[in-house]
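# Fold and geometry: a report
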Amino acid sequence: MSGFVSNLRSEVLRLQVALYACRERLQAQTDGEALHDLRVCLRRLRSLLKPLKGAAGSDPLQQRAAEIGRLSGPLRDLEVLIDTLRQHGEHVAADRCVAERARGDAMLLASRSLPALFRALDEWPQELARQQASGELDDLHKKVRRYLRKQRARLVEALADAEHDRHRVRLLIKRVRYTTEAYPQLSPLSAAQVRLLKKGQAVLGDWHDHLQWLARAETETDLQVFEQPWRRSMQEAERASEVIQARLLAALE
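Residues numbered from 1 in each chain as written. Predicted model: local features only at pLDDT ≥ 70, side-chain atom pairs only at ≥ 80, totals over all residues. Heavy atoms only, no water.

What follows covers the packing of aromatic side chains. Given two aromatic rings, one states the distance between the centres and the angle between the planes to describe the pair. Within the structure shown, the criterion is met by 4 aromatic pairs. Where Phe-226 meets Trp-230, the ring centres are 5.0 Å apart and the plane angle is 15°; that geometry is what we call stacked. One exposure class covers both Phe-226 and Trp-230, and it is buried. Within the aromatic cluster, the residues linked to one another by ring pairs are Trp-213, Phe-226 and Trp-230. Over the ring of Tyr-178 we find Arg-43, and its NZ or CZ is 4.1 Å from the ring centre. Cation over ring: Arg-166 sits above Trp-207, and NZ or CZ is 5.8 Å from the ring centre. (Phe/Tyr/Trp six-rings, centres within 6.5 Å; stacked < 30°, edge-to-face > 60°. Buried < 20%, exposed > 50% of the residue type's maximum accessible area, 1.4 Å probe, protein only. Lys NZ or Arg CZ within 6 Å of the ring centre and 35° of its normal.)

Written out as structure tokens, the structure reads:
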């Protein structure tokens, strides 16, 4: 195997082992970071695979990882909300969310999606080796470079739009940042630009959290005490996001 493909295979194998460990930790309820670590591994796996679309047998594995990401996303959102409620002494509301989170964990662990992901991980190296032997992956690194350039251009376009959608900007920032972290040797971005991406993601993540919490407060009476402070915090995050997005646009253009 070429160095690029060999490194790709090694990184996916490392993530596979880490995902097995996260699943066992989540089943045993040994610590509070199992779900977070599971999602970090999924994010890194998807960031490796997404630029390879249509190549290296990546599509089935990417689809399986994306499904677990969708299933686990609301659980991670609950985890963040629980921490916030605890910090404010709202333990009754937090306990209710803990019970909801426990049910969600059980559904995730019992789902067909998790074993399907591990089957796809087991099968992927054989397909990768087959394509490598037939010469189909000789220009794989060029495909990744094109993807990185395309996503950067999409982010710049979104940031330059006066009527930009914060949801879309947030997702594009995450995509550019995580792909850069997955393939730092192929990314044209500087360390300073990556730091700005992280800041933009953090601010927009804060805005997104508050938006979700306010939506829950509309129907969950024990959260309504937070409605006004959450709305103020969300507005502060909106203002901060405008500042960081302007800086990011200037840095990327």
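By the definition in use, this model includes 0 disulfides. Between Cys-22, a free cysteine, and Cys-41, which holds the nearest cysteine sulfur, the sulfur-to-sulfur gap is 4.4 Å. For Cys-22, a relative accessible area of 3% puts it in the buried group. (Disulfide = S-S within 2.5 Å.)

We now examine the nonpolar core. In this structure, Leu-8, Leu-19, Leu-45, Leu-61, Leu-117 and Leu-140 are the most contacted members of the largest nonpolar core, which totals 37 residues. Looking at this core, the elements that each hand over two or more residues are helix H1 (3-28), helix H2 (34-49), helix H3 (58-87), helix H5 (113-133) and helix H6 (140-160). Summarising the domain contributions, this core has at least three residues from each of domain 1 (1-137) and domain 2 (139-252). Residues in contact with Leu-45, not counting those within four places in the same chain, are Val-12, Leu-15, Leu-19, Leu-61, Ala-65, Leu-117 and Leu-121. (Core = buried A, V, L, I, M, F, W, Y, C linked by side-chain atoms within 4.5 Å. Helix = DSSP H or I, 4+ residues; strand = E, 2+ residues; numbered from the N terminus. Domains from an automatic or database assignment. Contact = heavy atoms within 4.5 Å.)

With that settled, consider H3. The end-to-end C-alpha separation of H3 is 42 Å, in line with the 44 Å expected for 30 residues at 1.5 Å each. Taking the largest bend as the criterion, H3 deviates by roughly 35°, centred on Ser-72, and proline Pro-74 comes between one and four positions later. Trailing H3 by a residue or two, Gly-89 shows a phi angle of about 75°, which is positive. (Expected span 1.5 Å × (residues − 1). Bend = angle between axes of the 7 residues up to and from the residue.)

We now examine empty space enclosed by the protein. What the rule picks out here adds up to 1 cavity of 30 Å³ or more. In this structure, the largest cavity occupies an estimated 30 Å³ of space. At the level of secondary structure, the elements contributing two or more residues to the lining of the largest cavity comprise H6 and helix H7 (166-182). It is H6 that contributes the most residues to the lining of the largest cavity, 3 residues altogether. Each residue belonging to the lining of the largest cavity can be placed in one class, and the counts come to 4 nonpolar, 3 polar and 1 charged. (1 Å grid on protein atoms, 1.4 Å probe; cavity = no way out; pocket = protein on both sides within 12 Å on 5 of 7 lines; lining within 4 Å. Points joined across faces, edges and corners; volume = space filled by probe spheres on them. Nonpolar A, V, L, I, M, F, W, Y, C, P; charged D, E, K, R; others polar.)

A separate point is unusual backbone geometry. The phi angle at Gln-29 is positive, at roughly 55°, despite the residue not being glycine. Here Gln-29 lies in the loop between H1 and H2. Note on Gln-29: relative accessible area 54%, which makes it exposed. A positive phi angle is found at Ala-56, which is not glycine, with a value near 60°.

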